[in-house]
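Topology and contacts: notes
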Amino acid sequence: MKRTLSILGSSGSIGRQTLKVAEVCGHKVAAITVNRSVELAEAQSRRFQPKLAVAVDEAAAADLRTRLADTEVKVLSGQEGLLEAAAMPEADTVVTAIVGVAGLRPTLAAIDAGKRIALANKETLVCAGELVMARAEEKGAEIVPVDSEHSAIFQCLQGCKNRGEVRRLIITASGGPFYGKNCKELSLVTKEQALKHPNWSMGAKITIDSATLMNKGLEFIEAMRLYDMPPERIQIVVHRESIVHSLVEFEDGAILAQLGSADMCLPIQYALTWPERVSGPAKPLDLLSCPPLTFQKPDLDTFRCLSLALECAEKGGTSTAVLNGANEAAVGLFLADKIGFLDIARLVETALDRVPFQSNPGLNNIFEADRAAREAVYQSAR
Ligand code: NAD
Ligand code: MG
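What counts and how
- Residues numbered from 1 in each chain as written.
- Chains lettered and ligands numbered in written order.
- Predicted model: local features only at pLDDT ≥ 70, side-chain atom pairs only at ≥ 80, totals over all residues.
- Heavy atoms only, no water.
- Pairing = 2+ DSSP bridges.
- Helix = DSSP H or I, 4+ residues; strand = E, 2+ residues; numbered from the N terminus.
- Axes fitted to C-alpha atoms, helices over the stretch in contact; angles between N-to-C directions.
- Contact = heavy atoms within 4.5 Å.
- Buried < 20%, exposed > 50% of the residue type's maximum accessible area, 1.4 Å probe, protein only.
- Right-handed = clockwise from strand over helix to strand, strands pointing away.
- Salt bridge = Lys/Arg side-chain N within 4 Å of Asp/Glu carboxyl O.
- Donors = N, O, S within 2.8 Å, 3.2 Å for Na, K, Ca; no water.

Some details on the sheet that holds strand β1 (residues 4–8)
Judged by pairing direction, the sheet is parallel, and its seven strands sit side by side in the order β4-β3-β2-β1-β5-β6-β7 without closing on themselves. Taken across any chain shown, the strands that pair with only one partner, and hence form the sheet edges, are β4 (74–77) and β7 (143–145). On average, each strand axis in the sheet is inclined to that of its neighbour by 20°, with strand direction left out of account. The pairing of strand β5 (residues 93–96) with strand β6 (residues 116–119) spans four bridges and is parallel. What sits directly across from T96, in β6, is L119. The sheet strands contacting helix α12 (residues 265–273) are β1, β5, β6 and β7, and the helix crosses β6 at an angle near 170°.

The following block contains the structure:
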């Protein structure tokens, strides 16, 4: 199955790996988008000859337009550019590899255009999952997860005709670089240590989320939305080896798991070719050289971000948008050396306390909750 892709966030970790998959598997690229990475956007445009290249930043787009003046590639900027890339008629599949809630509007535009969504941008489902899934159902747009845990669950659910047969989803967590540390030790960790993930190489924001375990909280909410599961039927287990990517337990007690090397090319590729499987760039897993597989309970007392996310998963409404917006703002401050590691959870908790709760939000309420959450973080961080 050959696809024509629009890759939103082509300069990021998922975006670059998507291009690697496209190159090896022979998918066409109709559009790429970056925020500011002009050099990379130029190189990607020359190599993949998309019809459209977008730099969200106006000055970056002007620079890119000059650099690509000798090519046929059209260059656009801003939100309009992103939305055009998301809905462009030439693409049948949109890979949402933008980080953060910035991916929400383009994802909705791609859904409205009836595209297959290869969804990496988990923040979209955390903030507005009910709206996004309902819109996809209404427009007949397929949403296929890229996140490795959700792809694993998706793979385990193939052939399951009756979702009533599913007893539980079991999401694995690596535990991150600070597994086993206590609060006192966490108060001393540095940005450089937090940016060193033991098993995966990813963008900065998700790497910090993996160190706080917020990533697992976001993934818990993502799984609820993707698979329409109540929180009591989802379990998180720490699996240090990152070999079992997640599991599904069925009513008869059988548990199916998906195993593989820690390589995002495989879930990216499956989101493009599903229901077909083809050979691709992902490293194969050699069972005989695997370490013993271990499973443990997560430490919710020490990793407060995860317990806050689980509380929001129960509460729903605008709380998940506040959780996400506050976390994006706090992680930004941590990456800018403005706050310490434990301040991330503290500031997210403050925002959850301060921003008024709404139980049945529309899109505007979600964006307002996101804005208010960021403001609460910036005020309390001062
Ligand atoms: P990254 O930081 O490496 O890349 C982010 C991309 O988004 C870049 O192309 C950047 O230009 C673009 N971008 C950033 N801010 C933007 C904005 N305001 N408007 C438009 N574009 C913007 O991030 P990543 O690690 O590739 O992650 C992307 C998404 O995929 C995240 O939601 C992340 O949670 C999810 N994800 C990533 C991995 C991974 O292995 N990297 C695994 C699972 C899920
Ligand atoms: Mg994941």
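Past the structure itself, the notes keep going.
With respect to the pairing of β1
With five of five residues buried, β1 lies mostly within the body of the structure. Every second residue of β1 is oriented toward a common face, with T4, S6 and L8 on one face and L5 and I7 on the other, all of them buried. On the question of chirality, the crossover connecting β1 to the parallel strand β2 (residues 28–34) by way of helix α1 (residues 13–25) is right-handed. Of the pairings in the sheet, the one linking β1 to β5 comprises four bridges and is parallel in character. Residue pairing for β5: I7 is matched across the bridge by V95.

Observations regarding the pattern of salt bridges
What the rule picks out here adds up to 28 salt bridges. Between D337 and K191 there is a salt bridge, with the nearest N and O atoms lying 3.3 Å from each other. Placement of D337 in the loop between α14 (319–335) and α15 (341–354) and of K191 in helix α9 (residues 191–194) is noted, with a sequence separation of 146 residues between them. According to the relative accessible area criterion, D337 is exposed, its value standing at 57%. Put simply, E42, R46, D63, R67 and D70 are held in one network by salt bridges that share partners.

Considerations on the coordination of the magnesium ion (ligand 2)
Every protein donor of the magnesium ion (ligand 2) is accounted for by D147 (OD), E149 (OE) and E219 (OE), and the metal-donor separations fall at 2.0 to 2.2 Å. Site description for the magnesium ion (ligand 2): donor spacing in sequence, D-x1-E-x69-E. Here the residue D147 occupies a position in the loop between β7 and α7 (148–156), and E219 occupies one in helix α11 (residues 214–227), the gap between them amounting to 72 residues. Accessibility expressed as a relative area gives 1% for E219, which makes it buried.

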